[in-house]
Amino acid sequence: MNERRQTPCVCVIDDDAEIRGSIGSLFRSRGFDVALYDTTASFLAAGVPPVASCLILDIRLHGESGLDFQERMAGDGIGIPVILITGHGDIPMTVRGMRAGAIDFLPKPFTDDQIFAAVATAIETDRTRRSDMANEAALRGSFASLTPRERETMALVVTGLMNKQIAARMALSEITVKIHRGNVMRKMAAQSLPDLVRMAELLDVRDASVHRYNI
């Protein structure tokens, strides 16, 4: 399904029920799905939504602080954009949160416009992240469909070697190399050599024994 056609979800972790409920009502009124949590543990138990989403995270929580949780998520590879909120912020907290990748840091009380702007940025960031992940997965699937000889050919093609040079390295005929090369371009859906080079860089596929474009 098209990511943009799915309703984005705003997650909120705040141990203040009144604030949590207020933020939830605000975003429901604007057509967002909302998931409310009073602890970081309950959020982790539910898991990150399978749609574009973000997390509004209060810094001061009972038990684990929001900043500690943000850093723990980053370390565990939990990829959801975070907006930090607090009624007791200071510069060191702001710096720590932003260094850990927070989209924004909003002191309470914040305006509707401020939180909407932060969430809009966070949702777009997550859409991009999810799209990039899907594209990379598709690319790896295409690469997995190559035969061993085709993978070897691709690793040499992206160094800039000509078919004749690749044939010599692989102990194949030049015609066979051309066939492998054509199969690689077709299976990888590469429109050009630069396109294939870009794919190889993303996959970290290149014959390291050949200096690039050392023809």
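Refer to the structure above for everything that follows.
This report concerns the structure included in the present document. All residue numbers here refer to positions counted from 1 along the written sequence of the relevant chain. Selection of residues for local features in this predicted model requires a pLDDT of at least 70, selection of side-chain atom pairs for listing and counting requires 80 or more, and totals for whole chains, interfaces and linings are taken over all residues. For the side-chain quantities, the full set of heavy atoms in the structure was used; hydrogens and water were omitted.

**Notes on the pairing of strand β4 (residues 82-86)**
Of all five residues that make up β4, five are buried, and the element is covered over most of its length. Three labels apply to residues, based on accessible area from a 1.4 Å probe with only protein chains included: buried if under 20% of the type maximum, exposed if over 50%, partly exposed otherwise in between. Helix and strand definitions follow DSSP, with helices as H or I runs of at least four residues and strands as E runs of at least two, each counted in order from the N terminus. Burial along β4 is two-sided: the residues Val82, Leu84 and Thr86 and Ile83 and Ile85 are all buried. Should DSSP find at least two bridges between two strands, the strands are regarded as paired. Relative to β4, strand β3 (residues 53-58) runs parallel, the two sharing four bridges. Among the inter-strand pairings, Leu57 is bridged to a residue of β4, identified as Leu84. Here β4 pairs with strand β5 (residues 104-107) via four bridges, running parallel.

**Looking at the packing of aromatic side chains**
Stacked, edge-to-face and tilted are the three classes for Phe, Tyr and Trp ring pairs, Trp counted by its six-membered ring, which pair at centre distances within 6.5 Å; planes under 30 degrees apart are stacked, over 60 edge-to-face, the rest tilted. Counted under the stated rule, the structure contains four aromatic pairs. Centre to centre, the rings of Phe27 and Phe116 are 4.9 Å apart; their planes meet at 65°, and the pair counts as edge-to-face. Here Phe27 is found in helix α1 (residues 17-28), whereas its partner Phe116 is found in helix α5 (residues 112-144), with 89 residues between them in sequence. Plain terms: the ring middles of Tyr37 and Phe43 are 5.5 Å apart, the flat faces sit at 80° to each other, and that makes the pair edge-to-face.

**Describing the state of the cysteines**
Here, two cysteine sulfur atoms that lie within 2.5 Å of each other are counted as a disulfide. Summed over all chains, the structure comprises zero disulfides. Of all cysteine sulfurs in the structure, the one in Cys11 sits closest to Cys9, which takes part in no disulfide; the separation is 4.2 Å. The exposure class of Cys9 is buried, given its relative accessible area of 8%.

**Section: the side chain of Asp58**
Relative to the assigned elements, Asp58 resides in strand β3. Here Lys108 takes part through its side chain, which lies 3.3 Å from a polar atom of the side chain of Asp58. If we skip the residues at most four places from it in the chain, Asp58 touches Ile13, Asp14, Asp15, Gly66, Ile85, Thr86 and Lys108. As used in this structure description, the phrase polar contact means that two N or O atoms lie within 3.5 Å; if the pair is within protein, one of them must be able to donate a hydrogen and the other to accept it, and residues adjacent in sequence are counted only when both atoms belong to side chains. The contact definition used throughout considers only heavy atoms, calling two residues in contact when any of these lie within 4.5 Å.

**Description of unusual backbone geometry**
Of the consecutive residues Lys108 and Pro109, the connecting peptide bond is found in the cis state with omega at -5°. Despite not being glycine, Ala189 shows a phi value in the positive range, around 55°. The phi dihedral of Asp204 falls on the positive side, at around 60°, and the residue is not glycine. Looking at the element boundaries, Asp204 is found in the segment after α9 (193-203). On the basis of relative accessibility, which here comes to 70%, the residue Asp204 falls in the exposed class.

**Some thoughts on the pairing of strand β1 (residues 9-13)**
Burial analysis of β1 places five of its five residues in the buried class, which makes it a mostly covered element. With burial as the criterion, each face of β1 is covered, one bearing Cys9, Cys11 and Ile13 and the other bearing Val10 and Val12. The pairing of β1 with strand β2 (residues 33-37) spans five bridges and is classified as parallel. In the sheet register, Cys9 faces β2, and the bridge partner there is Asp33.

**Observations concerning the sheet that holds β5**
Spatial ordering of the open sheet is given by β2-β1-β3-β4-β5, a layout of five strands whose pairing is parallel. Across the chains shown, the open sheet's two edge strands, defined by having one partner strand only, are β2 and β5. The sheet shows a mean angle of 20° between the axes of neighbouring strands, direction not considered. Helix axes are fitted to C-alpha atoms over the stretch in contact, other axes to C-alpha atoms as well, and angles between N-to-C directions run from 0 to 180 degrees. Helix α3 (residues 66-76) rests against β1, β3 and β4 of the sheet, and its axis sits at about 145° to β3.

**Examining the nonpolar core**
In this structure, Phe143, Met154, Ile166, Met188, Leu196 and Leu203 are the most contacted members of the largest nonpolar core, which totals 23 residues. The set of elements that each furnish at least two residues to this core consists of α5, α6 (148-157), α7 (163-170), α8 (174-187) and α9. It is α9 that contributes the most residues to this core, five residues altogether. Once residues lying within four places of it in the same chain are set aside, the contact partners of Leu196 are Met154, Val157, Val158, Val184, Met185, Met188 and Ala190. For the purposes of this section, nonpolar cores are sets of buried Ala, Val, Leu, Ile, Met, Phe, Trp, Tyr and Cys residues that join through side-chain atoms within 4.5 Å. Counting residues in hydrophobic clusters, the runner-up holds 20 residues, among them Cys11, Leu61, Leu84 and Met93.

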